[in-house]
Amino acid sequence: MGARAVAWRLGGSAGGGGERGAALSALLQSSVRGEEAGEEAVRATRRPPREGSVLLFPGQGSQFVGMGRGLLRYPGVRDMYRVAEAVLGYDLLGLCLRGPREELDRTRHCQPAVFVASLAAVEKLNRLQPKVVESCVAAAGFSVGEFAALVFAGALGFPEALYAVKVRAEAMQKASEAVPSGMLSVIGRREANYKFACLEARRHCELLGIENPVCEVSNYLFPDSRVIAGHLEALKFLQENARKYYFAHTKMLPVSGAFHTRLMESAVEPLAEVLKSIEIQKPLLCVYSNVDGKKYMHSKHIKKLLVKQVVSPVMWEQTMHSVYERKQGTEFPYTYEVGPGKQLGTILKSCNLKAWKQYTHVDALEDDEEAAET
């Protein structure tokens, strides 16, 4: 069988830190291929869900200047950033460590930055708590985090996935610059009707002369929490009429576009073309899609949904239900958020309090040689 085995998984099954570092280097050279024995070793690390771990990979918006500094001491991480510089054509590590923030926050930069920092955090986790990585049974990533989850699961190679993220990020930034648009975080009361609110916001835009206005839910985060994206005039209308629609709290997000809506349509084709040229394997563990909250089944499925994800809402609340669904009385797995920020942990707490009690964050900053801060 020719399935690619991700470096961390092979390293975990082989034992010793040196072997893990060698495996990581092989991954970065895009030359790791799982032979039958390698695949058997990977499968042997799997555990029943109650004994396994879940890894969550953050998305755009979690980046901050200084991220990655606490990861550079771990084997292979500097190699990852050297490969990133070659793939991206600029010093990603320097941008992450020193900024400026305005540049790091740009879509074209922050998506690759979060992708690399998250996988670097996995290397930290693997060094300090290898059993967590070895026993991982499921992974999910928010938006661009899905690419990192698929690399960890052995479906994508690191350099190829990073190049796809580069193309995706640049295309999404270009799309966001074409139309004045944005994203609005909303905490709604139980009476809130998001579809009706978006419909009236679109009608408002039409009265202003905006053709084919966009205003729709782009992120389902947790019960009573949504992100609505679209034309700026539509979002402004919703803020001004928040009480009418039973919105308890609204906040504009610091992004430049209406991600995960049809305003991103121009970014679809560039990403689709890149994915056609990339070898994609069936994941070696369960990875859940943002598009429908279900497990990826095979390589064609991955290619199709990664492209569709760009213009589809992120069904994160539904994904969390899928990941943590279990019979009553069954223990929840240990969950690790790997990478910058703790947003996914905050969301998990609101989606599933019992699952959150087993949550840990693997920090990307300097610490006292501890893998996590709860």
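Up top is the structure these notes are about.
Thresholds applied
Every residue gets a number counted from 1 within its own chain, in the order that chain's sequence is written. Local features in a predicted model are, by the rule used here, given only for residues with pLDDT of at least 70; side-chain atom pairs are given and counted only at 80 or more, and totals for whole chains, interfaces and linings are based on all residues. Computation of side-chain values covers all heavy atoms of the structure but excludes hydrogens and water. Each helix is a run of H or I in the DSSP string that is no shorter than four residues. Each strand is a run of E no shorter than two, and both are numbered from the N terminus. Exposed residues in this analysis have more than 50% of their type's maximum accessible area, buried residues have under 20%, and partly exposed residues fall in between, with area computed by a 1.4 Å probe over protein chains only. We call two N or O atoms a polar contact when they sit within 3.5 Å, provided that within protein one can donate a hydrogen and the other can accept it, with sequence-adjacent residues counted only if both atoms are side-chain atoms. Arc, as used here, means the arc of the directions from the helix axis to the C-beta atoms. We call two residues in contact whenever any of their non-hydrogen atoms come within 4.5 Å of each other. In summary, the pairing rule links any two rings of Phe, Tyr or Trp, Trp by its six-membered ring, whose centres are within 6.5 Å, and it sorts them by plane angle into stacked for under 30 degrees, edge-to-face for over 60 and tilted for everything else.

Undergrad: Give me the side chain of Ser 135: which residues, what numbers.
TA: Its location among the elements puts Ser 135 in the loop between α8 (130-134) and β2 (136-141). Its relative accessible area of 7% is what places Ser 135 among the buried residues. Reaching out from Ser 135, the side chain makes a polar contact with the backbone oxygen of Lys 131 at a distance of 2.8 Å.

Undergrad: Provide a residue-level description of unusual backbone geometry, including the pertinent values.
TA: Omega for the bond connecting Gly 99 with Pro 100 falls within 30 degrees of zero, at 10°, which places this linkage in the cis form. Mapped onto the secondary structure, Pro 100 falls in the loop between α5 (92-98) and α6 (101-104). One non-glycine residue, Tyr 246, adopts positive backbone phi at about 60°. Structurally, Tyr 246 is set in the loop between α12 (232-240) and β6 (247-252).

Undergrad: Could you give me a rundown of helix α16 (residues 343-351), with the residues and numbers involved?
TA: Along α16, the residues classified as buried are Leu 344, Gly 345, Ile 347, Leu 348 and Cys 351. Burial along α16 is one-sided: seen end-on, the buried residues are contained in an arc of 160°. Elements that come into contact with the buried residues of α16 comprise β1 (53-57), β4 (215-222), α15 (316-324), β9 (334-338), α17 (353-356) and β10 (359-362).

Undergrad: Explain the packing of aromatic side chains to me, and be specific about the residues and the numbers.
TA: With the rule as written, the count across this model stands at 8 aromatic pairs. Measuring from centroid to centroid gives 5.4 Å for Phe 142 and Trp 316, while their planes differ by 55°, and the two rings are tilted. Here Phe 142 is found in the loop between β2 and α9 (145-152), whereas its partner Trp 316 is found in helix α15, with 174 residues between them in sequence. Both residues of the pair, Phe 142 and Trp 316, belong to the buried class. These aromatic residues form a ring-pair network of at least three members: Tyr 194, Phe 196, Phe 237, Tyr 245 and Phe 247.

Undergrad: Provide a residue-level description of the environment of Ser 277, including the pertinent values.
TA: Of note, Ser 277 is situated in the loop between α13 (268-276) and β7 (286-288). Linking Ser 277 and Ala 164, residues 113 residues apart in sequence, is a C-alpha distance of 9.9 Å. Only 2.7 Å separates the side chain of Ser 277 from the backbone oxygen of Val 274, close enough to count as a polar contact.

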